[in-house]
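# Commentary on secondary and tertiary structure
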Amino acid sequence: MATVILVTGGTGLVGKAIQHIIDTEPEGSRFGKRPNETWIFANSREADLRDPEETKKLFEKYKPTHVIHLAALVGGLFKNMKYKLTFLRDNILINDNVLHTSYKFNTQKVISCLSTCVFPDKVEYPLDENKIHSGPPHESNFGYAHAKRMVDVQNHAYQEEFGCNFTSAIPTNVFGPHDNFDLEDSHVIPGLIHKCYLAKKNGTPFVVSGTGKPLRQFIYSHDLAKLFIWQLREYDDVEPVILSVGENEEVSIKEVADAIVKAVGFTGEYSFDTTRADGQFRKPASNAKLLGLMGGFTFTPFDKALDSTVQWFLQNYNNARTGKTN
Ligand SMILES: NC(=O)c1ccc[n+]([C@@H]2O[C@H](COP(=O)([O-])OP(=O)(O)OC[C@H]3O[C@@H](n4cnc5c(N)ncnc54)[C@H](OP(=O)(O)O)[C@@H]3O)[C@@H](O)[C@H]2O)c1
């Protein structure tokens, strides 16, 4: 039977990675394209998913049998803090339109993308799939967090009332080619890569905010793409799955910065601005459920993945999302 997989947000960091894996893994392999599959990677120009009519037209055009729903208003801490209502409303509208239109079109399966930053602020670590709703999210991103948490609530309600096969994935911090490298509004890895690149180009010091000591779990976008493809084909349950490297694979911000310095080939002055806030020391998430279900998975070593990301950035600087400071 023909399978049409619509990837919403298909032109972003995660969507481009799924496209890369589908294009490059051997056809018919665990993560490769199957002969009966058509993959559609949509962006906001094709349909603004905040709008129900545009969402409906997109579904009428492609008639997807499966949806990987990545589209979201995403941003770094500053943007999340400044535009809480916009993050709440836009994401509620996008998610509601995608889920309800999927239901109306009898879509066989939908996987929506949450994030570990939707977890409660005060919570016992490590994070696991049962703790999403066990307390309020951090104040800085409550708009984004509540909108994303509601997807899990909706998935359960669609399943209980209509029997829909809707589920969700919870990635930790993602990095890779096609990320947003904006200096003002990006996540830590793409922001530091851009900063280091400019320091090398301008002969200025490379200064990293904070002590460099906090630990984070980073997942390479190409690994995450494989996990989404696994979840699409091999996981049929409404409960979310954390898609992440293991708790023992945390990396410090200093290790991130060291790897960037090496990959960029920066030899100038390099320091940490310890007057800047560090954020939480660690917020580990467990990937035990994922590995138990998959029967193991080999993640790309961090340094190798980071080097590939830096090389992509250097080769694509003119077309990459770098903000206004080029
Ligand atoms: N990046 C991370 O570290 C991270 C971590 C955990 C979870 N996630 C989640 O992963 C998913 C993908 O994130 P990403 O990092 O790949 O984001 P991204 O690079 O910023 O891409 C976002 C995608 O969503 C589309 N989009 C945004 N607003 C839209 C709208 N109104 N209508 C239709 N499409 C719209 C964008 O299309 P245009 O380019 O046309 O605007 C783009 O294709 C999101 O759900 C995010 O919450 C990301």
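The structure reproduced in this document is the subject of the present report. Just so it is clear, the model here is predicted, and its values are computed rather than measured.

When helices and strands are counted, the chain shows 10 helices and 12 strands. Here the C-alpha radius of gyration of the chain, 19 Å, is about what a compact globule of 326 residues would show, namely 20 Å. Projecting the C-alpha coordinates of the chain onto the three principal axes gives extents of approximately 60 × 40 × 40 Å. Here the chain holds 326 residues, and 41% of them are scored as buried. In the chain, 80% of the contacts between residues at least 6 apart in sequence involve partners at least 24 apart.

What follows is about the site of the ligand. Contacts to the ligand come from 27 residues, most closely from Gly-9, Gly-12, Asn-43, Ser-44 and Ser-115. Elements with a minimum of two residues in the shell around the ligand: helix H1 (13-24) and strand E6 (173-175). Residue contributions to the shell around the ligand peak at 3 residues, all from H1. A breakdown of the residues in the shell around the ligand according to their chemical character gives 12 nonpolar, 12 polar and 3 charged.

As a further point, take the packing of helix H4 (residues 84-104) against helix H5 (residues 142-162). One can describe the packing of H4 onto H5 by two numbers: an axis separation of 8 Å at closest approach and a directional angle of 20°. With respect to H5, the axis of H4 lies roughly parallel. The crossing of H4 and H5 is right-handed. Contacts from Lys-84, Leu-85, Phe-87, Leu-88, Asn-91, Ile-92, Asn-95, Leu-99 and Tyr-103 of H4 reach H5 at Phe-142, Gly-143, Tyr-144, His-146, Ala-147, Lys-148, Met-150, Val-151, Gln-154, Tyr-158 and Phe-162. Tallied by class, residues from the contact of H4 with H5 come to 13 nonpolar, 5 polar and 2 charged.

Attention now moves to the environment of Pro-120. Among the structural elements, Pro-120 can be located in the loop between strand E4 (109-113) and H5. Each C-alpha atom of the pair Pro-120 and His-178 lies 29 Å from the other, and the pair is 58 residues apart in sequence. With sequence-adjacent residues up to four places away left out, Pro-120 is seen in contact with Lys-131, Ser-134, Gly-135, Pro-136 and Pro-137.

Okay, the packing of helix H8 (residues 253-264) against helix H10 (residues 302-315) next. The description of two helices packed together rests on the angle between their axes and the distance between the axes. It is the contact of H8 with H10, at a shortest axis distance of 9 Å, that shows an interaxial angle of 50°. Accordingly, the angle class assigned to the pair H8 and H10 is oblique. Where H8 crosses over H10, the handedness of that crossing is right-handed. Within the contact between the two elements, H8 uses Ala-259, Ile-260, Ala-263 and Val-264 and H10 uses Asp-303, Leu-306, Asp-307 and Val-310. Split into classes, the residues belonging to the contact of H8 with H10 amount to 6 nonpolar, no polar and 2 charged.

The next point concerns the pairing of strand E3 (residues 66-69). Residues His-66 and Ile-68 point to one face of E3 and Val-67 and His-69 to the other, with burial holding for every one of them. Of the strand pairs in this sheet, strand E1 (residues 3-8) and E3 are connected by 4 bridges, and their pairing is parallel. Counted as the bridge partner of Leu-6 is Val-67 from E3. The pairing of E3 with E4 spans 4 bridges and is classified as parallel. Of the residues in E4, the one forming a bridge with His-66 is Lys-109.

Let us look at the sheet that holds E3. Reading across from one edge, E2-E1-E3-E4-E5-E10 is the order of the 6 strands in this open sheet, with parallel pairing throughout. With partners counted over all chains shown, the strands left at the sheet margins are strand E2 (37-41) and strand E10 (241-243), one partner each. Within the sheet, the average angular offset between the axes of one strand and its neighbour, ignoring direction, is 20°. Sitting on the sheet, H5 touches E4 and strand E5 (166-171), and the angle it makes with E5 is about 160°. The strands touched by helix H7 (residues 221-234) are E3, E4, E5 and E10; relative to E4, the strand with the most contacts, the crossing angle is about 150°.

In this model, H8 (12 residues) spans 16 Å end to end at C-alpha, consistent with the 16 Å of a helix rising 1.5 Å per residue. Listed in full, the buried residues belonging to H8 are Ile-253, Val-256, Ala-257, Ala-259, Ile-260, Ala-263 and Val-264. Seen end-on, H8 carries its buried residues on one side only, within an arc spanning 160°. Its buried side turned inward, H8 meets helix H6 (188-202), strand E7 (206-209), strand E11 (251-252) and H10. Once H8 ends, the next one or two residues include Gly-265, with phi positive near 80°.

How each quantity is defined
- Residues numbered from 1 in each chain as written.
- Predicted model: local features only at pLDDT ≥ 70, side-chain atom pairs only at ≥ 80, totals over all residues.
- Helix = DSSP H or I, 4+ residues; strand = E, 2+ residues; numbered from the N terminus.
- Rg over C-alpha atoms; globule rule 2.2 N^0.38 Å.
- Buried ≥ 20, exposed ≤ 12 C-beta atoms within 10 Å, placed from the backbone.
- Contact = placed C-beta atoms within 7 Å.
- Near = placed C-beta within 6 Å.
- Nonpolar A, V, L, I, M, F, W, Y, C, P; charged D, E, K, R; others polar.
- Axes fitted to C-alpha atoms, helices over the stretch in contact; angles between N-to-C directions.
- Parallel < 35°, antiparallel > 145°, perpendicular 65-115°, else oblique.
- Left-handed = near helix turned anticlockwise from the far one by under 90°.
- Pairing = 2+ DSSP bridges.
- Expected span 1.5 Å × (residues − 1).
- Arc of directions from axis to C-beta.

So yeah, pure geometry; function would need other evidence.
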